[in-house]
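This is what each chain is made of:
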Amino acid sequence: MATKGNSGDNRTRSSVTIFIVVGLCCFFYLLGAWQRSGFGKGDSIALEITKTGADCNIVPNLNFETHHNGDAGIIGQSKVKDFKPCSAKYTDYTPCHDQKRAMTFPRNDMIYRERHCPPQEEKLKCLIPAPKGYVTPFSWPKSRDYVPFANAPYKALTVEKAIQNWIQYEGNVFRFPGGGTQFPQGADAYIDQLASVIPIANGTVRTALDTGCGVASWGAYLWKRNVITMSFAPRDNHEAQVQFALERGVPAIVGVLGSIKLPYPSKAFDMAHCSRCLIPWGSNDGKYMMEIDRVLRPGGFWVLSGPPINWKNNYKSWQRAKEDLEEEQRNIEEVAKLLCWEKISENGETAIWQKTLNPESCRASEDASRVTYCSEDPDDVWYKKMETCVTSATSNADVEYKPFPERLNAIPPRIASGSIAGVSEDKYMEDNRQWKKHVNAYKKINRIIDSGRYRNIMDMNAGFGGFAAALDSPKLWVMNVVPTLAENTLGVIYERGLIGIYHDWCEAFSTYPRTYDLIHANGVFSLYKDKCDFEDILIEMDRILRPEGAVILRDEVDVLMKVKGIARAMRWDTKLMDHEDGPLIPEKVLVVVKQYWVVGSNSTSMR
């Protein structure tokens, strides 16, 4: 009996001891969280998730603030692998638009200016350094007008475009007065002229495409009118055009209208624009205009400013033969008629056409025998050759495009019509609700997401654009990327009044280094785990992320642990945390901050 009594007492004492230990552990956890949060609560402090589970150790908050030096704090981590800095000559390296590689390709149809990515054995396995003196860009809207010289130290445009009011060098900054070749009085005055014909003010026009954008002043000034513009220009002799655009905080990519279809879905844009973009619209049997027609929604507008419009009064100043200009305009007018575009205005050197709401009805009254319809899926465009054919618009006749911002959360036409297999309206609305919850959780982790610190944001696997829609703010914009391996939802994203692009993450993105402040990657590494090396994707993310920029990755825990191991070796500070619904959810969130370092930083100061 005595033995039984002692055994019972021992069990009681053991239970009390366990209870006390657990209680103390929880108490010190809550105390530490309260102290670190600075707000009397621990909602922004997460446990480090390891393969063995959570313990009582608190991982300090990552520092998202700007430092402008190489002394950012580092979470204690073991070294996995050493990624060396690239040579300083790669500071502005664009792997798929490398000048030396480009010159080995044909010049016809601008093929040499298109994407030509290095093979696997030639990919750089080093980290692109920032130039000496690099600083965080100014917040919007100041960034629209001023860019630090150290971030893109190229003065060629200040000389070449001096009389056209593009860009001026003033001390340690570039100033962008808002001028352009075709709008010397400024982009605002030029847009006012367009707005007298095009319904820009009422939300009808939300998405715009600027071909041959220069430094993207047109898109920069459309932003305050609630129009978001996808701008592109080739990497050519006009040094750093797209780099300047992105430093200003304007959406842009390196690209060209050449032999390959544009990386956008059909019916994407409400307005397309060319301001002396030097694209031969009247040549190649109208192929380039047909490509614009593919990406322009029914009822959308096409603006052509510059040659050959009003050639009779300008052929001498353009130093072009009037016969050539007359022939060019005649060809443009004929192709526009074939596409059922109606010219609604010609004022000075600017002409505006509107795409008919129901082109098929229009063509029934024309010579339909002249029309060759494209046989391919109009949204299947990645590395597909551009064709001389017209995209059928039969399914567009009854589509209603709501004005923005109503369009952001309305049911997109592609969802309502059942065009996306397996996606009902209810599933779409649930996706929206989930992303609102995810973004609210992100804002607790990183309280400066909507502070103006981050302007250029990328979603590497955008789905229906729920992340961008939940973030919607005049302080930021999101480049919604739909991977070529994923379900094709980019058309839905544009129907919401957002912008985006198709891309294969086994290759480099068409942008300069250091052009995004925040990158979001939902399920990207699970999507590509059998397709290409995680290391290559992470090196590319590092290339396009600004120093002290942030990354939010959402994926399965085993995938993120592998990613974290590589990220540690890339001078990224990392923190792995639970799903917002708790530790039992297998999906986790990895938050990263890229350290500040520049050309010449030694390995000690960079780690």
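Heads up: these notes are all about the structure in this document. Keep in mind it's a predicted model, so treat the numbers as computed, not measured.

## Topic: the state of the cysteines
Overall, the coordinates contain 5 disulfides when judged by the stated rule. Residue C86 pairs covalently with C126 via a disulfide, S to S 2.1 Å. Looking down the S-S bond of the C86 and C126 bridge, the torsion is 100°, so its handedness is right-handed. Of the two residues, C86 sits in the loop between α1 (2-37) and α2 (99-102) while C126 sits in the loop between α2 and α3 (142-145), which places them 40 residues apart along the sequence. As far as the burial class goes, C86 and C126 line up, both buried.

## Some thoughts on the pattern of salt bridges
All chains considered together, the criterion is met by 36 salt bridges. Between K261 and E387 there is a salt bridge, with the nearest N and O atoms lying 3.7 Å from each other. With K261 in the loop between β6 (252-254) and β7 (269-275) and E387 in the loop between α11 (359-364) and α12 (406-409), the pair connects residues that are 126 residues apart, well separated along the chain. Its relative accessible area of 10% is what places K261 among the buried residues. Residue classification places E387 among the partly exposed residues on the basis of a relative accessible area of 31%. Residue R297 is joined to D270 by a salt bridge in which the shortest nitrogen-to-oxygen separation is 2.4 Å. You can see R297 sitting in strand β8 (residues 296-305) and its partner D270 sitting in strand β7, a full 27 residues away along the chain.

## What to know about helix α10 (residues 322-338)
The terminal C-alpha atoms of α10, which comprises 17 residues, lie 24 Å apart, in line with the 24 Å expected from a rise of 1.5 Å per residue. For α10, every residue scored as buried is listed here: L325, E328, Q329, N331, I332, V335, A336 and L338. Two residues or fewer after α10 comes C340, characterised by a positive phi angle close to 60°.

## Details of the sheet that holds strand β2 (residues 168-170)
Pairing in this open sheet of 3 strands is antiparallel, and the strands run β1-β3-β2 from one edge to the other. Of all the strands in the sheet, the pair left with one neighbour each is β1 (146-148) and β2. Adjacent strand axes in the sheet meet at a mean angle of 30° when their direction is disregarded. Of the pairings in the sheet, the one linking β2 to strand β3 (residues 173-175) comprises 3 bridges and is antiparallel in character. Within β3, the position partnered with Q168 by the bridge is R175.

## Focus: the packing of helix α18 (residues 534-544) against helix α19 (residues 557-568)
At a closest axis distance of 10 Å, the pairing of α18 and α19 adopts a crossing angle of 60°. The angle between α18 and α19 falls in the class oblique. Along this stretch, α18 crosses α19, giving a crossing that reads as right-handed. In this structure, α18 contributes F534, E535 and L538 to the contact, and α19 contributes V559, K562, V563 and I566. Tallied by class, residues from the contact of α18 with α19 come to 5 nonpolar, no polar and 2 charged.

## A few points about the layout of surface pockets
Considered as a void within the structure, the largest pocket measures approximately 960 Å³ in volume. Along the walls of the largest pocket sit 44 residues, with G212, R276, C277, L278 and I279 positioned nearest its centre. Put simply, the parts of the chain that give the lining of the largest pocket at least two residues each are α6 (217-222), β5 (228-233) and β7. Element by element, the count of residues in the lining of the largest pocket is highest for β7, at 3 residues. Here the residues of the lining of the largest pocket sort into 23 nonpolar, 13 polar and 8 charged.

## A closer look at the packing of aromatic side chains
Under the defined criterion, the tally for this structure stands at 20 aromatic pairs. Judged by centre distance (5.2 Å) and plane angle (75°), the rings of Y90 and Y93 are edge-to-face. Among the residues examined, Y90 registers a relative accessible area of 23% and is labelled partly exposed. When the centroid spacing of 5.7 Å and the interplanar angle of 65° are considered together, the rings of F176 and F244 count as edge-to-face. Note that F176 is positioned in the loop between β3 and α5 (187-195) and F244 in helix α7 (residues 241-248), a separation of 68 residues in sequence. Here F176 falls in the buried class, since its relative accessible area comes to 1%. Grouped by ring-pair contacts, the aromatic residues F149, Y169, F174, F176 and F244 constitute a single cluster. Its guanidinium or amino end placed over the ring of Y221, R144 lies 4.0 Å from that ring's centre, counting from NZ or CZ. If you follow R206 out to its NZ or CZ, it ends over the ring of F404, 3.7 Å from the centre.

## Observations regarding the sheet that holds strand β4 (residues 207-211)
Across the sheet, which stays open at both edges, the 7 strands sit in the order β6-β5-β4-β7-β8-β10-β9 with mixed pairing between neighbours. Bordering the open sheet on either side are β6 and β9 (341-347), each of which pairs with just one other strand. Sheet twist, expressed as the average angle between the axes of neighbouring strands with direction ignored, equals 20°. In the sheet, β5 pairs with β6 via 3 bridges, with the strands oriented parallel. Opposite F232, over in β6, you have I253 as the bridge partner. Relative to the sheet, α5 contacts β7, β8, β9 and β10 (350-355), its axis offset from that of β10 by approximately 45°. Across the sheet, helix α8 (residues 287-295) is in contact with β4, β7, β8, β9 and β10; its angle to β8 comes to roughly 135°.

Conventions and cut-offs
Residues numbered from 1 in each chain as written. Predicted model: local features only at pLDDT ≥ 70, side-chain atom pairs only at ≥ 80, totals over all residues. Heavy atoms only, no water. Disulfide = S-S within 2.5 Å. Helix = DSSP H or I, 4+ residues; strand = E, 2+ residues; numbered from the N terminus. Buried < 20%, exposed > 50% of the residue type's maximum accessible area, 1.4 Å probe, protein only. Salt bridge = Lys/Arg side-chain N within 4 Å of Asp/Glu carboxyl O. Expected span 1.5 Å × (residues − 1). Pairing = 2+ DSSP bridges. Axes fitted to C-alpha atoms, helices over the stretch in contact; angles between N-to-C directions. Parallel < 35°, antiparallel > 145°, perpendicular 65-115°, else oblique. Left-handed = near helix turned anticlockwise from the far one by under 90°. Contact = heavy atoms within 4.5 Å. Nonpolar A, V, L, I, M, F, W, Y, C, P; charged D, E, K, R; others polar. 1 Å grid on protein atoms, 1.4 Å probe; cavity = no way out; pocket = protein on both sides within 12 Å on 5 of 7 lines; lining within 4 Å. Points joined across faces, edges and corners; volume = space filled by probe spheres on them. Phe/Tyr/Trp six-rings, centres within 6.5 Å; stacked < 30°, edge-to-face > 60°. Lys NZ or Arg CZ within 6 Å of the ring centre and 35° of its normal.

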